[in-house]
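Listed here are the chains, written in short residue letters.
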Amino acid sequence: LSSACKTVHQTKTRVEGEKTSTADLLKKLEQPDIPYNWFFAKAKIQIEDSHNDNTVNAVIRMKKDSVIWISLNALVGIEVSRMLITPDSVKMLDRFNKRYYARSFSYVQQMTGVDDLNFAQLQRMIMGNDMQAMDPTKTEIVKTDSSYQVNNHESQIESVIWINALNFTMAKKELKNKVINQTYEMDYDDYRLLADRLFSYRRRVRLATKEVYNLNIEYQKVTLDEPQKFPFNVPDKYLVVKPETKEEKK
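Before going into details, it helps to say that this report is about the structure given with it. (Residues numbered from 1 in each chain as written. Predicted model: local features only at pLDDT ≥ 70, side-chain atom pairs only at ≥ 80, totals over all residues. Heavy atoms only, no water.)

Thoughts on the overall build of the protein
- When helices and strands are counted, the protein shows five helices and 14 strands.
- When the 250 residues of the protein are sorted by exposure, 42% land in the buried category.
- Split by element, the accessible area of the protein, about 14300 Å² in all, is 50% carbon and sulfur. (Helix = DSSP H or I, 4+ residues; strand = E, 2+ residues; numbered from the N terminus. Buried < 20%, exposed > 50% of the residue type's maximum accessible area, 1.4 Å probe, protein only. Areas by Shrake-Rupley, 256 points an atom, 1.4 Å probe, with all protein chains shown as cover.)

Focus on the layout of surface pockets
- There is about 1800 Å³ of room inside the largest pocket.
- In this structure, the largest pocket is lined by 44 residues; those nearest its centre are Ile47, Leu72, Met83, Met111 and Leu215.
- No other element matches the five residues that helix H3 (residues 106-112) contributes to the lining of the largest pocket.
- The class makeup of the residues in the lining of the largest pocket is 30 nonpolar, eight polar and six charged.
- Secondary-structure elements contributing two or more residues to the lining of the second largest pocket are helix H4 (119-127), strand E9 (157-164) and strand E10 (170-177).
- Broken down by element, the residue count for the lining of the second largest pocket peaks at three residues, all from E9.
- Looking at side-chain class alone, the lining of the second largest pocket contains nine nonpolar, six polar and five charged residues. (1 Å grid on protein atoms, 1.4 Å probe; cavity = no way out; pocket = protein on both sides within 12 Å on 5 of 7 lines; lining within 4 Å. Points joined across faces, edges and corners; volume = space filled by probe spheres on them. Nonpolar A, V, L, I, M, F, W, Y, C, P; charged D, E, K, R; others polar.)

Thoughts on the nonpolar core
- In this structure, Phe39, Ile163, Phe199 and Tyr219 are the most contacted members of the largest nonpolar core, which totals 50 residues.
- For this core, the leading source of residues is H4, giving five residues.
- Ile163 has contacts with Leu29, Met131, Ser146, Ser147, Tyr148, Val150, Phe168, Thr169, Met170 and Ala171, leaving out every residue within four places of it along the chain.
- If you look at the next biggest cluster of nonpolar residues, it comprises nine residues, including Phe40, Val67, Leu93 and Phe232. (Core = buried A, V, L, I, M, F, W, Y, C linked by side-chain atoms within 4.5 Å. Contact = heavy atoms within 4.5 Å.)

A look at the environment of Trp38
- With respect to the helices and strands, the residue Trp38 is situated in strand E1 (residues 38-48).
- A C-alpha to C-alpha distance of 4.8 Å links Trp38 and Lys63, two positions 25 residues apart in sequence.
- Those residues in contact with Trp38, other than ones at most four positions away along the chain, are Met62, Lys63, Thr223, Leu224, Asp225, Glu226, Pro227, Gln228 and Phe230.

Points about the pattern of salt bridges
- Scanning all chains against the criterion turns up six salt bridges.
- A salt bridge links Arg206 to Glu185; the nearest nitrogen and oxygen atoms lie 3.9 Å apart. Residue Arg206 is located in strand E12 (residues 197-208), and its partner Glu185 is located in strand E11 (residues 182-194); the two are separated by 21 residues in the primary sequence.
- Judged by relative accessible area, Arg206 falls into the partly exposed class, the value being 31%.
- Judged by its relative accessible area of 16%, Glu185 is buried.
- Ionic contacts of the salt-bridge type, sharing partners, join the residues Glu79, Arg82 and Arg95 into one network. (Salt bridge = Lys/Arg side-chain N within 4 Å of Asp/Glu carboxyl O.)

Here's what the structure looks like:
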């Protein structure tokens, strides 16, 4: 009990004692990236919508600023999908239906509802550090005993981010696209040290559009700076699915 009281006292002192401007605090909240050139991870992902509730094993490989490679496998070990994402393109193999999709990176923006999402930001989302620079004049920060709530209204997308006050890790992020009525939420949990930085091994994602999608992500193994390969071969018998709209062709 004495130890718990001491922790609470220290937390209140740190938060209430901050005598700094919004701009200074925002700069402080922008955590530096975990240093890496190569990234490898194995994860278990539960994917749920109104029709299905499936759990898959995922393998994620990245070469920083160059390639993101993702393989999704059924629990029995059969690959169901493979993706290859670059700064300007998205390629996907649908193993179950034997189809191949090739799209521009704007396809990822359409799926997430974040119009200004780019490859670098997607990398940071995978790394669990997508705290972006914000305009202090359009940002409000609410302090509590255990967190900072950062409210931003810079564009058509409103964002609310909760930051742990003790270690400045991200606890939750919520984005609302007011134009297309879409909401994206991500919770970060189970932080552990990775390359002397804190990395979230458990994430919960909720994407609400006309349909609601929920993902529970649990990283089981993460390694850095071991060179990776990104195999992606399209079998001859696969149907090539062309973009349906002009927007997808960009």
